[in-house]
Structure formats: structure tokens, C-alpha cells
Amino acid sequence: MTPPASLLLVRHGQTVWHAENRYAGVSDVSLTDAGLAQAEALGRWAAAHPVDAVWTSPLSRAVTTAEPACRALGLTPQREPDLRECDFGVVEGRTLAEFGAEHPQAAEDFRADPVAHPFPGAEDPRAAAARGTAALRRVAAAHPGERVLVVAHNTLLRLVLCSLLRIPLAEYRRVFPRLRNTAVSEIRVGGEHTALLSLNLPCT
């Protein structure tokens, strides 16, 4: 039997938009000084824990977050396009409060069921969950019995956690309110089976 992989899921460090709680989906925004410090802390954490490989979203905020860990481990990160964040459509660069001020009913519908009522022009959350889940299964299959650091994004990872753990996707904002920047969540993935071992553990 092929041994499962342990995936250490990490949301990238704080960005200039996330500091103000703005949606930064496919927009390639940079890390703040605080985000860069979080990345360095993740690097120190990785140096003290066994990690066999590093995979990242192709967006620069994820790649930059992974760089200190890669230096500490002597590893080259592998980029997976399907680990990119969801496209939030008209809300890219805006806060939910700003959107709600202009479109109160659409914001209320999103809060009630973000999968059935995504933002106008946004990626279908079910499609995002499917691509992210497939990506993590590919990563796990490539590293049987190993520990893999995966640096990606808040909404994508929450959707994927729901998918892998068989939680209704519509519950992702309630079950997983927020993945903290550079906190580590560990899952064990083997075939079609997934176990959640830890959630949102600080790397400092």
C-alpha cells in the first residue's frame, strides 16, 4: 500500500490589500513588511521541521512567502497553477463592506451561501474547489510518505479543505472562518482519504 503524504498547508504572508481586508484573488499584490517578516518566520519553522518538498501557487505573494523556507531547506519550489487563488470578479481589490454598500442584497446572498451566490464575474467556487483538490491530490501522489509544504491562499485552501474532508462547500466561511497568514494546517492524504491533523498553528 502506498503511504500517505503529509501536506503542510500555509496561507501566504500579509499583503497590502489583506491588511485592509480587501479581496486579492488573481490580482498579484505584494507582501507588506509584516508579510515578509511572516515569511522569514515560516522559513525558521521549516528549518526546524522535516520537510521534503515545497509547492506553491504561481502568484508572487505565495512564491515570496515560500522563499525563506526553500533557502533554509535547500529546496527548489515547484509551482502549481491550480493552486492560485479564486478570481473574485468585481470584488477584486475591494472589501465586502464596500461591495455591500452598493449591492446590499448580493452581499447578503453571498454571506448566506457563497457557493450558490458568488460575486458577479467571480470564478465558480465549485470549479475552484475541484481544481485545488485535484492539485493537492497530485502533490500527495508525487510524494508518498513525505512531508510537503504547500503555500497557497485563504479562500482556495478553505474550499479544498471542505472538499477533501467532505464538508459542504457552502459552509467554508463558517467552518473555516480564516486561515491565518503563514499559520500551518496539516492534512494527511492517501488516495481518496484525507485526515485533518492540525489547523492554523502559528509558525512562530
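Each remark here, short or long, concerns the structure printed above.
Keep in mind it's a predicted model, so treat the numbers as computed, not measured.

(A) Representation of the environment of Ser6 within the structure. Structurally, Ser6 can be placed in strand S1 (residues 5-11). Between the C-alpha atoms of Ser6 and Ala152, which are 146 residues apart in sequence, the distance is 16 Å. Look past the residues within four positions of Ser6 in its chain and what remains in contact with it is Glu146, Arg147, Val148, Glu186, Ile187 and Arg188.

(B) Broad picture of empty space enclosed by the protein. For the structure on display, the rule yields one cavity of 30 Å³ or more. Roughly 100 Å³ of volume is contained in the largest cavity. If you trace the largest cavity, you find 13 residues lining it, with Phe88, Phe110, Glu123, Pro125 and Tyr172 closest to the centre. Of the residues belonging to the lining of the largest cavity, the class tally is 10 nonpolar, one polar and two charged.

(C) Summary view of the packing of aromatic side chains. Counting across every chain of the model gives four aromatic pairs. One aromatic cluster in this structure is built from Tyr23, Phe88, Phe99, Phe110 and Phe119.

(D) How the structure looks around helix H5 (residues 125-142). With 18 residues, H5 should cover 26 Å at 1.5 Å per step; its first-to-last C-alpha distance of 26 Å lies within 8% of that length. Among the residues of H5, those classed as buried are Pro125, Ala128, Ala129, Arg131, Gly132, Thr133, Ala135, Leu136, Val139 and Ala140. Tucked inside the fold, the buried residues of H5 contact S1, strand S2 (53-56), strand S4 (147-152), helix H6 (154-165) and strand S5 (184-190). If you check the start of H5, you find a side-chain oxygen 2.8 Å away from the backbone N of Arg126, and it comes from Asp124.

About the thresholds
Residues numbered from 1 in each chain as written. Predicted model: local features only at pLDDT ≥ 70, side-chain atom pairs only at ≥ 80, totals over all residues. Heavy atoms only, no water. Helix = DSSP H or I, 4+ residues; strand = E, 2+ residues; numbered from the N terminus. Contact = heavy atoms within 4.5 Å. 1 Å grid on protein atoms, 1.4 Å probe; cavity = no way out; pocket = protein on both sides within 12 Å on 5 of 7 lines; lining within 4 Å. Points joined across faces, edges and corners; volume = space filled by probe spheres on them. Nonpolar A, V, L, I, M, F, W, Y, C, P; charged D, E, K, R; others polar. Phe/Tyr/Trp six-rings, centres within 6.5 Å; stacked < 30°, edge-to-face > 60°. Expected span 1.5 Å × (residues − 1). Buried < 20%, exposed > 50% of the residue type's maximum accessible area, 1.4 Å probe, protein only. Polar contact = N/O pair within 3.5 Å; in protein donor to acceptor, adjacent residues only side chain to side chain.

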